[in-house]
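# Structural overview for review
Chain by chain, the residues:
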Amino acid sequence: MVLVERATPRLTELLAAALDGSGPAIAPLDAGLPSARLAELIDALGPDSVQDTEGVTSARSGPGAGVAEGTAVVVSTSGSTGVPKGVELSAAALRHSARASLDRVGAGAGERWLCCLPVSHVAGLAVLVRSLTGGTEPVLAERADAKTVTASGCAHVSLVPTQLQRLLAEPGAPLAGFSSVLLGGAAAPAGLLTAARDAGVPVVTTYGMTETCGGCVYDGVPLDSVRAEVRGDGRIWLSGPVLFSGYRGGPRAPADGWFRTGDLGALDAAGRLTVRGRADDVINTGGHKVIPGEVAAALQTCPGVRDAAAVGQPDPEWGERVVAVVVPADPADPPALELLRRHVRERLPRYAIPSRVVMIDAVPMLSSGKHDIVRLRQELLRREQTEAESVTY
C-alpha cells in the first residue's frame, strides 16, 4: 500500500512494476486524509506493508490476506454506503481498459497524457495506466489550472465537470491544443458540454466506476469488448474484460461476468446508453418515482442557475417531496420558484416538479467531482433545524 499526496514518478514506477508482475500489488491512498479516516482505510484494506510519502516502508503486524491472482491495484472505494472497501483490479483488466481507451480516442504514438486527478481514485490511476500502456511518460500536475494545462504539451487529459467549467472560463483557451478531453466522475450539465464543444474542445463523456477500471462507456458507446444492458429493474449492467476481480476480503466478481451497477439507465435504438441517475437516490412522491439527476439536469439549463441538485424530503401527504437546491448565477437576483418549476415542467412529468427551492452558495462536492448528496442532505436538515440562512419560496 502506498500513501500519496499527489501523483509522483515513484508511484508511476510502482504501478509499472505491479502491472508487469515484477512488483507487488499497490493500493494508493490519499495521505492528506484525516488520520482517523486514513487508519480506517488501512485497516479495511489490510496490506502487508505501508509506504509513506517519503518512500519509507513499514511492515504491518500479522499476515495480510492475499489478493486475487493477477491483481495489480487495489482501489479504495466507499460507493454510496460510506463503508470503505478495496476493489481488486487485475493487470489484464487495467491494460485492456487502457488499450480500449487509447484506441477510442485515437491516441497516436508519443502523445502524452496530463494527470491532474487524484491517483487514489480510479480515474487518476487510469491516466497513469494509459500512459504506461501507450509507452509515454505522463505529465503529473497537482491541479488543472490554465497555466499548468497550457504548458503541459499534452494531447490528452481526463477532467471532472468542475475542472472543465473553470478552464472554459479562463482566457486563452487552455484546452485548445488537446486531441481529447475525457470527462467523467459526475454527470455533466448539458450547458457545459455545449459550451465546450462550441469552443472547439474535443470532449468525450465517460461512464464507469472503480469496478470497471474507470470509464468503460464513451459518449454512450461501450469500449471494445464491453457490453452494457438495461434490465427490467432499470439498472445498468456491465460486462467485459475490464471488470474487477472482487472485493478485498469480500465477495468475488459475479461468476456470470455481469456487474449490476447502482445506476439507472436507458438504451436507445442504436444501443447508446444514457445514465439517468443513482437508483438509491430515487424520490418516491405520491407513488411516482423521480430521478434526482434528471431534475438537476433540467434545473442546470434554467437561466440564472449556475449549479443545481435535487433531493427528496419527507412529506406527510406524498411520502416525499422534490426539493431543488440551486446555486444562483447572481446571488443578488436568484431565480424564482415559479421560473424553476416552469422550466422543469417543460422537460419532465408534473410529479417531478420541485415544490420547494433552497438557495446555497455551492453544492458540496466529493473528491471524485460528484455532488456529495449525503452532505447536502445533512446541510438541509441542519438549516431546517436552525431555521437559519435558508431561502425558501
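Structural data are supplied above this passage.
Residues numbered from 1 in each chain as written. Predicted model: local features only at pLDDT ≥ 70, side-chain atom pairs only at ≥ 80, totals over all residues. Heavy atoms only, no water.

### Some details on the overall build of the protein
Condition: Under the scheme used here, helices are H or I runs from DSSP no shorter than 4 residues and strands are E runs no shorter than 2 residues, and both carry numbers assigned from the N terminus. Values of the radius of gyration come from C-alpha atoms, whereas the globule rule sets the reference at 2.2 Å times the count of residues to the power 0.38. Using a 1.4 Å probe on the protein chains alone, a residue whose accessible area is under 20% of its type maximum counts as buried, one over 50% counts as exposed, and one in between counts as partly exposed. Any two residues having at least one pair of non-hydrogen atoms within 4.5 Å are treated as being in contact. Working convention for charge: Lys and Arg count positive, Asp and Glu count negative, and His plus the chain ends are omitted. The atoms used to mark charge sites are NZ of Lys, CZ of Arg, CG of Asp and CD of Glu.
Each helix and strand counted, the protein has 10 helices and 23 strands in total. Taken over the C-alpha trace, the protein has a radius of gyration of 21 Å; the compact-globule value for 393 residues is 21 Å, and the two agree within 12%. Looking at the protein residue by residue over its 393 residues, the buried ones come to 47%. Long-range contacts, defined as pairs at least 24 residues apart, comprise 59% of the intrachain contacts of the protein with a sequence gap of at least 6. Distance from the positive charge centre (37 side chains) to the negative charge centre (43 side chains) of the protein: 3 Å.

### A few points about the pairing of strand 18 (residues 273-278)
Counted only if it meets this: By this definition, two strands are paired if DSSP reports at least two bridges between them.
With 5 bridges connecting them, strand 17 (residues 258-267) and strand 18 associate as antiparallel partners. When the bridges of strand 18 are listed, Ala266 appears paired with Thr274. Between strand 17 and the antiparallel strand that follows it, strand 18, lie 5 residues; Gly271 among them carries a positive phi value of about 85°.

### Comments concerning the environment of Leu125
Within the secondary structure, Leu125 is located in helix 4 (residues 122-134). Residue Leu125 is classed as buried on the basis of its relative accessible area, which comes to 2%. Apart from residues no more than four positions distant in its own chain, Leu125 is found in contact with Leu15, Pro28, Val73, Val75, Pro118 and Val119.

### A short note on the nonpolar core
Rules: Nonpolar cores are built from buried Ala, Val, Leu, Ile, Met, Phe, Trp, Tyr and Cys residues. Side-chain atoms within 4.5 Å join them into one set.
In this structure, Leu15, Val73, Leu89, Leu94 and Leu238 are the most contacted members of the largest nonpolar core, which totals 46 residues. It is helix 3 (residues 91-105) that provides the largest number of residues to this core, a total of 7 residues. Residue contacts for Leu94: discarding those within four places in its chain leaves Leu19, Ala72, Val73, Leu89, Val129 and Cys213.

### Focus: the side chain of Glu88
What counts, and what does not: Each polar contact in these results corresponds to two N or O atoms within 3.5 Å; when the atoms are within protein, one needs to be able to donate a hydrogen and the other to accept it, and residues that are neighboring in sequence are counted only if both atoms are side-chain atoms.
Looking at the secondary structure, you find Glu88 in strand 6 (residues 85-90). Look at Glu88 and you get buried, because its relative accessible area is 1%. Only 3.1 Å separates the side chain of Glu88 from the side chain of Arg252, close enough to count as a polar contact. Excluding residues within four positions of it along the chain, Glu88 makes contact with Gly66, Val67, Ala68, Thr71, Val73, Val74, Phe244, Ser245, Gly246, Arg248 and Arg252.

### A short note on the side chain of Ser76
With respect to the secondary-structure elements, Ser76 resides in strand 5 (residues 71-77). Residues within four places of Ser76 in sequence aside, it is in contact with Leu29, Leu41, Leu45, Lys85, Gly86 and Ser120.

### Considerations on the pattern of salt bridges
Note the following rule: Each reported salt bridge corresponds to a side-chain nitrogen of Lys or Arg within 4 Å of a carboxyl oxygen of Asp or Glu.
Taken as a whole and assessed by the stated rule, the structure comprises 16 salt bridges. Note that Arg37 and Glu40 form a salt bridge whose closest N and O atoms lie 2.9 Å from each other. Highlighted residues: Arg37 and Glu40, both in helix 2 (residues 35-45), separated by 3 residues, approximately one helical turn. Linking Glu229 and Arg227 is a salt bridge whose minimum nitrogen-to-oxygen distance equals 3.4 Å. By relative accessible area, Glu229 is classed as partly exposed at 25%. You can call Arg227 partly exposed: its relative accessible area is 47%. One salt-bridge network, held together by shared partners, links Arg227, Glu229 and Arg231.

### Notes on the sheet that holds strand 17
Heads up, the condition is: Axis geometry follows a simple rule: fit a line to the C-alpha atoms, using only the stretch in contact for helices, then measure angles between N-to-C directions, giving values from 0 to 180 degrees.
If you trace the 4 strands from one edge of the open sheet to the other, you get 14-15-17-18, paired in antiparallel fashion. Each edge of the open sheet carries a strand with a single partner, namely strand 14 (227-230) and strand 18. For this sheet, the mean angle separating the axes of adjacent strands, direction not counted, is 50°. Relative to strand 17, strand 15 (residues 235-239) is paired through 4 bridges, and the arrangement is antiparallel. Bridge pairing links Ser239 to Trp258 in strand 17.

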